[in-house]
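Report on the structure
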Amino acid sequence: MATVWHEVLHVCKQSGARYGILHTPHGDFETPIFMPVGTKANVKTLIPEEIKEVSDGLILANTYHLWLQPGDEVVKEFGGVRGFMNWDGALLTDSGGFQVFSLSKIRKITEEGVEFRHHKSGEKLFITPEKSISIQNNLGADIIMSFDECPPFNSSREYMIDSVDRTIRWAKRGKEAHKNPETQSLFGIVQGGGYKDIRKHSIDELEKIGFEGYSIGGLSVGESKEEMYEMLEYLKDIMPYNKPRYLMGVGSPDDLIIGSINGVDMFDCVLPTRNARHGTAFTSEGKIQVKNQNLKLSKDPLDKECKCFVCQRYTRGYLNHLVKAEEILGMRLISYHNLYFLRNLMHQIREAIKEDRLLDFKEEFFKKFGYK
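Computed from a predicted model, the values in this text were never measured in an experiment. The residue numbering used here restarts from 1 in each chain and proceeds along that chain's sequence as written. Given that the model is predicted, a residue must reach a pLDDT of at least 70 before its local features are reported, and side-chain atom pairs must reach 80 or more before they are shown or counted; all residues, however, enter totals for whole chains, interfaces and linings. The side-chain values count all of the structure's non-hydrogen atoms but skip hydrogen atoms and water molecules.

For the chain, the helix and strand inventory stands at 15 helices and 16 strands. For 372 residues, the compact-globule estimate of 2.2 N^0.38 gives 21 Å, and the chain sits close to it at 20 Å. Looking at the chain as a whole, 57% of its 372 residues qualify as buried. Under the counting rule used here, the positive set is Lys and Arg, the negative set is Asp and Glu, and His together with the chain ends is not counted. Just so you know, the charge point we use is NZ for Lys, CZ for Arg, CG for Asp and CD for Glu. In the chain, the 49 positive side-chain charges and the 52 negative ones have mean positions that sit 5 Å from each other. A run of H or I in DSSP counts as a helix once it spans at least four residues, and a run of E counts as a strand once it spans at least two, with each numbered from the N terminus. With C-alpha atoms as the basis for the radius of gyration, the globule rule is written as 2.2 Å multiplied by the number of residues raised to the power 0.38. We call a residue buried when its accessible area falls under 20% of the maximum for its residue type, exposed when it is over 50%, and partly exposed in between, using a 1.4 Å probe and counting protein chains only.

Now the structure itself:
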């Protein structure tokens, strides 16, 4: 029996979206689900007790950053990321592959692996598929990722074919190196940019290797919304049906709804907390810039429809002051609210799927939120 598996319990008759349960060693979770990102074993500005309140209990940590600081061997000494940060929920780690993309100016890709320059010190580093899996084994997440390259969406066809085939070979090597299959489930990552036939090839070859879930990589990396949605619509019908589907790095409200319509079960993104640190809040009537001058004297809550403690206790005027004064409390409160907002949105999406009305919900939400 796989350590992580997914049951599809209902398919929305209106949209084809999936409602299900993701089973993990540290909890069962309704899907579609949004996972807050705890890059360095912390969801920025929040403590684990707060993370429980604004998530469904499944979060993400970053392999690359924890490898560099404090080191995966150190984290292992504390019982993995969960013991290190005192998190008793479920955990997913990425592979470090996205950093291959984001640090493109300071890396060199070979068949063996990727040579990096430390993004701060300039120190030369080298990571292989085997090393990525070894780090993740030490970090101890319930769900771990194959090491991949995330090529730019509009790379040439020739480059994309070479990149995807190398990522498939890396995936096989990573699976062979995986030391904890009885406690950690390994996902394969589907790449291929904007080329549908290469995406299909990626899926077919990863299925031959065999993984307990499949991630969609290489989206939300600079392509247009239309391009991303077109690819998701294509992948909806060719991804393995009975395995969890994870869309990596996507977390804006519109993308969560469209992704769910296109059969995605899991999402993660730094967007809600990053936006919060820059003073942007999600509300039922759209995004607002909290530091705008017109909020200075507002005694209204951040969002009149929100039930989180921030909206129950604090005014827009006070939050406006905190953001302008660059007070950490302002970042904390808006981070809490933004994650609560997305958690509530996912609850609404799941209910709409079960009631066969997700397309109606999308239309209502887009109109209210200000999306076209």
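Here we take up the pairing of strand 4 (residues 33-36). Within a regular strand, side chains alternate between the sheet's two faces. A two-sided burial pattern is seen for strand 4, the buried positions comprising Ile33 and Met35 on one face and Phe34 and Pro36 on the other. Pairing analysis gives four bridges linking strand 4 to strand 14 (residues 266-269), with the strands arranged parallel. Residue proline 36 lies in a different strand from strand 14, and its bridge partner there is cysteine 269. Two strands are said to pair when DSSP picks up at least two bridges between them.

Another point: a nonpolar patch on the surface. There is a patch of nonpolar side chains on the surface, built from Val74, Phe78 and Phe84 and spanning about 260 Å² of accessible area. Structurally, the position occupied by phenylalanine 84 is in helix 4 (residues 80-85). Looking at phenylalanine 84, the relative accessible area reads 32%, which means it is partly exposed. In this scheme, patches are assembled from residues that exceed 30% relative accessible area and form no salt bridge. Like charges are connected within 9 Å, while nonpolar side chains (Val, Leu, Ile, Met, Phe, Trp, Tyr) are connected within 5 Å. To measure how exposed things are, a 1.4 Å probe is used in the Shrake-Rupley method; for residues, cover is taken only from the protein chains shown. Whenever a carboxyl oxygen of Asp or Glu lies within 4 Å of a side-chain nitrogen of Lys or Arg, that contact is scored as a salt bridge.

Attention shifts here to the packing of helix 7 (residues 157-177) against helix 8 (residues 196-209). Only the stretch in contact is used when fitting a helix axis, every axis being a line fitted to C-alpha atoms; angles between N-to-C directions are given from 0 to 180 degrees. Look at helix 7 against helix 8: their axes get within 10 Å of each other, and the N-to-C directions meet at 15°. Classified by the angle between their axes, helix 7 and helix 8 sit roughly parallel to one another. The two elements helix 7 and helix 8 meet at a crossing, and its hand is right-handed. Along the contact surface, helix 7 presents Arg157, Met160, Ile161, Val164, Asp165, Ile168, Ala171, Lys172 and Lys175, while helix 8 presents Asp197, Ile198, His201, Ser202, Glu205, Leu206 and Ile209. Of the residues belonging to the contact of helix 7 with helix 8, the class tally is eight nonpolar, two polar and six charged. Note that the term roughly parallel is reserved for angles under 35 degrees, roughly antiparallel for angles over 145, roughly perpendicular for angles of 65 to 115, and oblique for everything else. If you view the pair so one helix is near and one far, a crossing is left-handed when the near helix is turned anticlockwise from the far one by less than a right angle, and right-handed when it is turned clockwise. We call two residues contacting when some pair of their heavy atoms lies within 4.5 Å. Think of it as three bins: nonpolar holds Ala, Val, Leu, Ile, Met, Phe, Trp, Tyr, Cys and Pro, charged holds Asp, Glu, Lys and Arg, and polar takes everything else, Gly as well.

This part is about the pairing of strand 12 (residues 213-216). Because side chains alternate across strand 12, one face comprises the buried residues Gly213 and Ser215, and the other comprises Tyr214 and Ile216, equally buried. Inspection of the sheet shows strand 11 (residues 185-190) paired to strand 12 by four bridges, in the parallel sense. For phenylalanine 187, the partnering residue across the bridge sits in strand 12 and is glycine 213. Of the pairings in the sheet, the one linking strand 12 to strand 13 (residues 245-247) comprises three bridges and is parallel in character. The residue of strand 13 that forms the bridge with isoleucine 216 is leucine 247. Looking down the strands as they point away from you, a crossover is right-handed if its path from the first strand over the helix to the second goes clockwise. Tracing the backbone out of strand 12, into helix 9 (residues 225-236) and back to the parallel element strand 13 gives a crossover that is right-handed.

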